[in-house]
Each structure stands twice: as structure tokens, then as C-alpha cells.
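Spelled out from the first residue to the last, the chains are:
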Amino acid sequence: MTAALDRVTAPRTKVGLVAGGLGAYWPQFPDLLPQLRRSSERVSERMRELGCDVVDVGFVSDAQEGAVAAERLREAGCDIIVGFLTTYMTATMLLPVAQRSGAPVLLINLQPTESMDHASFDTGQWLAYCGACPLPEMANTFMRAGIAFRSVSGYLEDERAWARIGRWVRAAGVRAALRRGRHGLMGHLYPGMLDVATDLTLVPVNLGGHVEVLEFDDLRVRVEKVTDAQVRERVGLAREVFELDGSVKDDDFAWAARVSVGLDRLVDDFALDSLAYYHRGLEGEIHERLGAGMILGASLLTARGVPAAGEYELRTSLAMLVMDRLGAGGSFTELQALDFARGHVEMGHDGPAHLAISARRPLLRGLGVYHGKRGWGVSVEFDVAHGPVTALGLLQRRDGTFAFVVSEGATVEGPLLRIGNTTSRVDFGCDPGEWTDAWSATGISHHWALGTGHRIADLRAVADLIGVDVIEVSP
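- If you look the protein up in an unreviewed UniProt entry, it shows as Arabinose isomerase from Streptosporangium vulgare.

1. Some thoughts on the packing of aromatic side chains
No. 1: In total, this model carries eight aromatic pairs according to the counting rule given.
No. 2: Residues Trp439 and Trp448 carry aromatic rings whose centres are separated by 5.1 Å and whose planes lie at 70 degrees to one another, so their mutual orientation is edge-to-face. Neither Trp439 nor Trp448 differs from the other in exposure class; each is buried.
No. 3: A network of ring pairs unites the aromatic residues Phe428, Trp435, Trp439 and Trp448 as a single cluster.

2. Digging into the side chain of Arg455
No. 1: Here Arg455 lies in the loop between strand E18 (448–452) and helix H16 (456–466).
No. 2: The charged side chain of Arg455 is buried without a salt bridge, its nearest counter-charge being Asp458 at 4.2 Å.
No. 3: From its side chain, Arg455 meets the backbone oxygen of Gly327 in a polar contact 3.5 Å long.
No. 4: Beyond its immediate sequence surroundings of up to four residues, Arg455 is in contact with Met323, Leu326, Gly327, Ala328, Thr390 and Glu408.

3. Some details on the sheet that holds strand E4 (residues 105–111)
No. 1: Taken in spatial order, the five strands line up as E2-E1-E3-E4-E5 in an open sheet, and their pairing is parallel. A single partner strand is all that each edge strand has here, and the edge strands are strand E2 (53–60) and strand E5 (150–155). Put simply, the sheet's adjacent strands are angled 20 degrees from each other on average, direction ignored.
No. 2: Relative to E2, strand E1 (residues 14–20) runs parallel, the two being bridged by six bridges. Bridge pairing in E2 places Gly16 opposite Val55.
No. 3: The strands that helix H6 (residues 135–145) touches are strand E3 (80–85), E4 and E5; relative to E4, the one it contacts most, it runs at about 170 degrees.

4. Observations concerning the pairing of strand E12 (residues 344–350)
Strand residues, when the strand is regular, have side chains that alternate between the two faces of the sheet.
No. 1: For E12, the tally of buried residues reaches seven of seven residues, placing the bulk of the element in the interior.
No. 2: Side chains His344, Glu346, Gly348 and Asp350 project from E12 onto one buried face, and the interleaved Val345, Met347 and His349 project onto a second face that is buried too.
No. 3: As judged from the five bridges shared by strand E11 (residues 329–339) and E12, these two strands associate in the antiparallel manner. Considered in E12, the bridge of Leu338 is made with Val345.
No. 4: Of the pairings in the sheet, the one linking E12 to strand E17 (residues 421–427) comprises six bridges and is antiparallel in character. Across the sheet, Gly348 pairs through a bridge with Thr423, a residue of E17.

5. Remarks on the packing of helix H11 (residues 250–269) against helix H13 (residues 294–303)
No. 1: Running from amino to carboxyl end, H11 crosses H13 at an angle of 45 degrees, the nearest separation of the two axes being 7 Å. Viewed along their axes, H11 and H13 adopt a mutual orientation that is oblique. Between H11 and H13 the crossing geometry is right-handed. Facing Phe253, Ala256, Ala257, Val259, Ser260, Leu263, Asp264 and Val267 of H11, the residues of H13 in contact are Met294, Leu296, Gly297, Ala298, Leu300 and Leu301.
No. 2: Across the contact of H11 with H13, the residue classes break down as eleven nonpolar, two polar and one charged.

6. Re a nonpolar patch on the surface
No. 1: A surface patch of nonpolar side chains, amounting to about 250 Å² of accessible area, comprises Leu335, Leu338 and Phe340.
No. 2: Positionally, Leu335 belongs in strand E11.

7. Notes on the packing of helix H10 (residues 228–241) against H11
No. 1: At a closest axis distance of 8 Å, the pairing of H10 and H11 adopts a crossing angle of 100 degrees. In terms of orientation, H10 and H11 fall into the roughly perpendicular class. In this structure, H10 contributes Asp228, Gln230, Val231, Arg234, Val235, Ala238 and Arg239 to the contact, and H11 contributes Phe253, Ala254, Ala257, Arg258, Ser260, Val261, Asp264 and Arg265.
No. 2: The residue makeup of the contact of H10 with H11, split by class, is seven nonpolar, two polar and six charged.

8. Concerning the environment of Leu73
No. 1: Structurally, Leu73 can be placed in helix H3 (residues 63–76).
No. 2: With a relative accessible area of 1%, Leu73 lands in the buried category.
No. 3: Leu73 sits 16 residues away from Val57 along the chain, and the two C-alpha atoms are 7.5 Å apart.
No. 4: Sequence-distant contacts of Leu73, that is, excluding residues within four places in its chain, are made with Gly16, Leu17, Val18, Val55, Val57, Cys78, Ile81 and Val97.

What counts, and at which threshold
Position labels on residues start from 1 in each chain and follow its written sequence. In keeping with the predicted nature of the model, local features appear solely for residues at pLDDT of at least 70, side-chain atom pairs appear and are counted solely at 80 or more, and the whole-chain, interface and lining totals rest on all residues. As a convention, hydrogens and water are excluded, and side-chain values are obtained from all of the structure's heavy atoms. Only centres within 6.5 Å qualify two rings of Phe, Tyr or Trp (six-membered ring in Trp) as a pair; their planes then separate them into stacked at under 30 degrees, edge-to-face at over 60, and tilted for everything else. Partly exposed residues are those whose accessible area sits between 20% and 50% of the maximum for their type, while under 20% is buried and over 50% is exposed, using a 1.4 Å probe and protein chains only. Helix and strand labels come from DSSP, where a helix needs a run of H or I of at least four residues and a strand needs a run of E of at least two; each type is numbered from the N terminus. For the purpose of charge, His is not counted, nor are the chain termini; Lys and Arg are scored as positive and Asp and Glu as negative. Basic side-chain nitrogens of Lys or Arg form a salt bridge, by our definition, when they fall within 4 Å of a carboxyl oxygen of Asp or Glu. In protein, a polar contact requires one atom able to donate a hydrogen and another able to accept it; more generally it is a pair of N or O atoms within 3.5 Å, and residues adjacent in sequence count only if both atoms are side-chain atoms. Contacts are residue-level and defined by heavy atoms, with any inter-residue pair within 4.5 Å sufficient. Strands pair, by our definition, only if DSSP identifies at least two bridges between them. As a rule, the C-alpha atoms of each element are fitted with a line to give its axis, helices using only the stretch in contact, and angles between N-to-C directions run from 0 to 180 degrees. For classification purposes, angles smaller than 35 degrees are called roughly parallel, those larger than 145 roughly antiparallel, those between 65 and 115 roughly perpendicular, and all remaining angles oblique. For any pair of crossing helices, the crossing counts as left-handed if the nearer helix is rotated counterclockwise from the farther one by less than a right angle, and right-handed if it is rotated clockwise. Polar here means any residue other than Ala, Val, Leu, Ile, Met, Phe, Trp, Tyr, Cys and Pro, which are nonpolar, and Asp, Glu, Lys and Arg, which are charged; Gly is therefore polar. Patches here are clusters of residues that have more than 30% relative accessible area and form no salt bridge, with a 9 Å joining cutoff for like charges and a 5 Å cutoff for nonpolar side chains (Val, Leu, Ile, Met, Phe, Trp, Tyr). Here the Shrake-Rupley method, with its probe set to 1.4 Å, supplies the accessible areas, and only the displayed protein chains count as covering residues.

See below:
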């Protein structure tokens, strides 16, 4: 829409690709290696079509060449390693690649076509279809070496296989975003909210990345430097993005715009990939005003790919980041009410929202009171785009491990409150009370991310790569 809403440029997923086959075949069947190399080139081409950067180290024929490829891929620092089994090859050719890379491993077996022409094929032609043969050998060797792996079998132009490959590549990108991420935590816990308290050590332990502990004064000093011209520019941007309700007061709007510009500076200065915040404040002092002025700027940041969550909800800002990097948006949400007459769960939140997944032009509403919080100002009101959706919560267990809690449903039409909150009606295909009991029984905290599309398959892939469990709540 405008430069100020351009998506933050995230590093592209780096895929390491190595193809191989048994060198003993080449003198025996002279036409085989050229055919396998053509298949390897096609795989490299299709990998690039997935929108990733491919480090293609070529074709290996023996253990020595495998070791050279392993060192090249180690130095490249890839997010995922793809080993293309073009025909039979020994485990010694790929084990060093998996051992040295430190990245997740995906083995692919893509034969040239759906089926051989059995009546006309000779041995050399059959061997081009023999990529399945070494897969159990690789699996056994990797298992004994303590190396996790995944595999996809199909044929070169098999769209079902490529959909599965694409899922693993996307998951590797999310894993990389978490491992490289810098996650801001600003302010303090909402008093009494024991469920949202996160042991900060557990974030890098479970997911990787870094938690940057910030003060609201870090925001204050940046807001103080915002010029009136910058405020006018941000007000203009907000008028383009939002529909303004008549309840919005000019002074509150200008203050939210000023805080928004300061937030952008904070994110840039600390190189943040996500932000969770809360400050209670007292009697209208500056920190209270800053906390109350966050919603506009936090929503604009979330739309740009820097998820921001209120109430100090670090695990939810991380869940929002996962959903955003999967292309699902991911908006800050919680339970609001149950509509037993229509069979819907009503969920949403006051505070920041993911504007990219709004069902219609989002609304800015002026509020004289923020329920449960001090201060006043402008708030965002919208409904998530109607259609398939996925709820994702990040659970911290008693033993310190994290888990994904997920459920697929659909956002649907129906009456919505007009109180300055995001609100969506979600049909989970069952009684809303039963769904709510099952969701709560997982131990999830009372916030999570709501994103577009049915994403459980993608989330299972992400969870596999980062080593967390998935708890699915379904009808």
C-alpha cells in the first residue's frame, strides 16, 4: 500500500542440495550418468521455484566426493540439506553431509516418470528409477548415527511430492527465523497473569534465538525525538490503511501516530523480529500514555512482518511469528464468548492485530476506557478474513518443554461487537463448549495466534524440525 507498510525483508531459506549415485555404474552404463545429471538439474530448478536460495554442490559418485560436498555445505550454513537419491548409492556418501551440516536433512527419491516401460527397459534404464533402493539404507544409517531425517518419494514432476518438499522448505525457513530471531520483551507482566509468564531461558533452549529485555524508557526516548512532520506523515498513512470511526479524537490519533514512529525506531535500533509488551502505568504519567498508545503502531508493525502482542505475551508473539512466516498472518487473540445458538466460538483481542488478514478495511475506534487496562486512545477493530483458519498457541509445560497447540476451523459471518476489539466467529465443526473445554485441557495459556488457511500439516513440519510436540484439538 505504501512504503511504510512494506514487508520486512526476511532472509530467504537457504537449501543445500546434493545429488548422488554409485560411481561403479558409470562405466557399465554410459547413458545413465547424463540422465541422472539432467534429473538433478531439474530438481535444482524446481527448488529455486520454491523461492529459496539453493546451494547446489552437484553430483557425488563416491565417499570421497561426498566428503567434499559435506564440507562445502557445512561452510554454506544451510537451513536444510536435501539429498537427492537418483539411483542406488551407499550411505557413506551422504552420512558426512548430514553429520557436518548441523541442519535438518530431507532425502528425496524422485524417479524420472510415474512408471517404467517394463517391456523395453534394460538394466541401465531401470537404474534411473532405483532411487528408492538406498532409502532404507540411509534411514538405518542415520538412525544409528542419531541423525533425524525426513523423506519424500515420488517422480520428477509429481506435484504431490513437490507440495511435500515445499512444506519442508517452508518449515526450514520458520526454524531459521526462530533460531536467528531477536524477540523484544518490553515492560512487565500484567499483574496476576501466571499463565503468560515465560521463563526466558526456555526460548533459546526450545526454539533458538535471543530475547532482548527492554524498558518502556527505551521507547520513551525515541518517541520524544519524533517530529511533528513525522506524526503528520504517519497520520496520513493510517488514514489510508484504516477506516476512521467518528469516535477517534485528533489528539489521541496524533499521539498513537507519534508512538508508532517511535516503535519503528525501537524495532530498527534493536533489530527486533517480534515484540511483546505491557506497562500498567499510573495516573496518566508518560509510561501509561505510551502503553495506551501502542495499538496503532503495533498493528502496523505486525502487518509488516514484525508481530507485536500486548500483555507481555512473549509466547504468543512467537506463535504469531511462526504463522506470519508461513504466510498465514497470525493475529493476537483469546476467547471472548461462545455462541451456542450458531455453534461459533467468538475470539479476538483488544490491541494489535494482523492487518493483512482482515476481512475488510480495518477500523480505528476511539476508546475512553481500555477494559482492564489504564489509559485511553485509539484501538483497532476487525474480523479475520472468512474461510479456513488455524489457531496456534505455544505451550510451556511444567518440565520446561514447549509444544504447539493447534486447531483448524473456519471464520464465518455473524454479528460482531463494536467495541474496538478484533473479533472473529470461528466454527470448529463441533459444539463450541466442547471445543473450548478440549482446547483449555491442553494447558494452553489464554492467548494464541489466529491465522488464515488450514496449516496443521505445515505446523507439524515446523514442529518436527525444531523438536517440539504438536497437540491437535479437533472435533
